[in-house]
Amino acid sequence: MARILFLPGAGASPEFWKPLGALLPTDWPKEYFGWPGLGDQPHDPAVKGIDDLVRMVAARMDGPVDLVAQSMGGVIASRLAIEQPQSVRRLVLTVTSAGIDMAGLGAADWRESYRSSFPRAMPWITEPRAAALLPVEKIAAPTLLLWGDSDPISPVAVGRHLQSRLPNSRLHIVEGGDHDLAQTHAAEVAPLIARHLAE
């Protein structure tokens, strides 16, 4: 079984994925990332943007891995799947932009509420273009897309748009799922993730 690297969103806590991870087989190797300087995580002067987070995850990819990512973590996972296709076996993207242009897809702006929730977070995360647009069509890894029908930050239209551009993907929509569906609906999505990673 490939190692599973769990990537959180801009909330940045390594705890985000642990409740869901605990529902996956115990013998599957798992690693939970946190993002220095984002959310309530301690700052690291070496982390100045997305590129540094991509390098941080890449440094832990010794052989093919599975990436399970939420929101901003999906941008990092998508970059790695594009830049190092031989190192990403399978991909799970939940409620992310994955590096596509969200304009016109109905996404609400999350920056103001993020700043009020995490006043100590590094300023770069809320800059208008913290992450560059990505050629997501180049993602070859089999990809499970998980979206909620009640998420204003990354609405279902984003998931459908990604499904239309990712050649090897399938989309599952979680009824009542919001931006934290990986936690609130862990019991529903854990079996979907387990099936996808076991294939």
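Quick look at the structure, then.

Cut-offs applied
- Residues numbered from 1 in each chain as written.
- Predicted model: local features only at pLDDT ≥ 70, side-chain atom pairs only at ≥ 80, totals over all residues.
- Heavy atoms only, no water.
- Pairing = 2+ DSSP bridges.
- Helix = DSSP H or I, 4+ residues; strand = E, 2+ residues; numbered from the N terminus.
- Right-handed = clockwise from strand over helix to strand, strands pointing away.
- Buried < 20%, exposed > 50% of the residue type's maximum accessible area, 1.4 Å probe, protein only.
- Arc of directions from axis to C-beta.
- Contact = heavy atoms within 4.5 Å.
- 1 Å grid on protein atoms, 1.4 Å probe; cavity = no way out; pocket = protein on both sides within 12 Å on 5 of 7 lines; lining within 4 Å.
- Points joined across faces, edges and corners; volume = space filled by probe spheres on them.
- Axes fitted to C-alpha atoms, helices over the stretch in contact; angles between N-to-C directions.

Another aspect to go through is the pairing of strand E6 (residues 169-174). Direction of pairing for strand E5 (residues 143-148) relative to E6: parallel, over a ladder of six bridges. Residue Thr 143 lies in a different strand from E6, and its bridge partner there is Ser 169. Read from E5 through helix H5 (residues 156-165) to E6, the crossover connection turns out right-handed.

What follows covers H5. Note: α-helices contain 3.6 residues per turn, so residues at a spacing of three or four share the same orientation. Along H5, the positions that sit buried rather than exposed are Val 156, Val 158, Gly 159 and Leu 162. All buried residues of H5 project into a common sector of 155 degrees when viewed along the axis, lining one side. Buried-residue contacts for H5 involve E5 and E6.

Our focus in this paragraph is the layout of surface pockets. Considered as a void within the structure, the largest pocket measures approximately 970 Å³ in volume. Considering the residues around the largest pocket, the lining is formed by 41 residues, among which Ala 10, Ser 71, Trp 110, Ile 153 and His 179 are closest to the centre. Of all the elements in the fold, those that place two or more residues in the lining of the largest pocket are helix H3 (72-83) and helix H4 (111-117). A total of four residues in the lining of the largest pocket trace back to one element, the largest contributor, which is H4.

In this section: the sheet that holds E6. Strand order in this open sheet of six strands is E2-E1-E3-E4-E5-E6, and the pairing throughout is parallel. What marks the edges here is a single partner per strand, and that holds for strand E2 (30-32) and E6. Along the sheet, successive strands turn relative to each other by an average axial angle of 15 degrees, direction set aside. In terms of strand pairing, strand E4 (residues 88-94) meets E5 through four bridges, oriented parallel. Of the residues in E5, the one forming a bridge with Thr 94 is Leu 146. Relative to the sheet, H3 contacts strand E1 (3-7), strand E3 (65-70) and E4, its axis offset from that of E3 by approximately 150 degrees.

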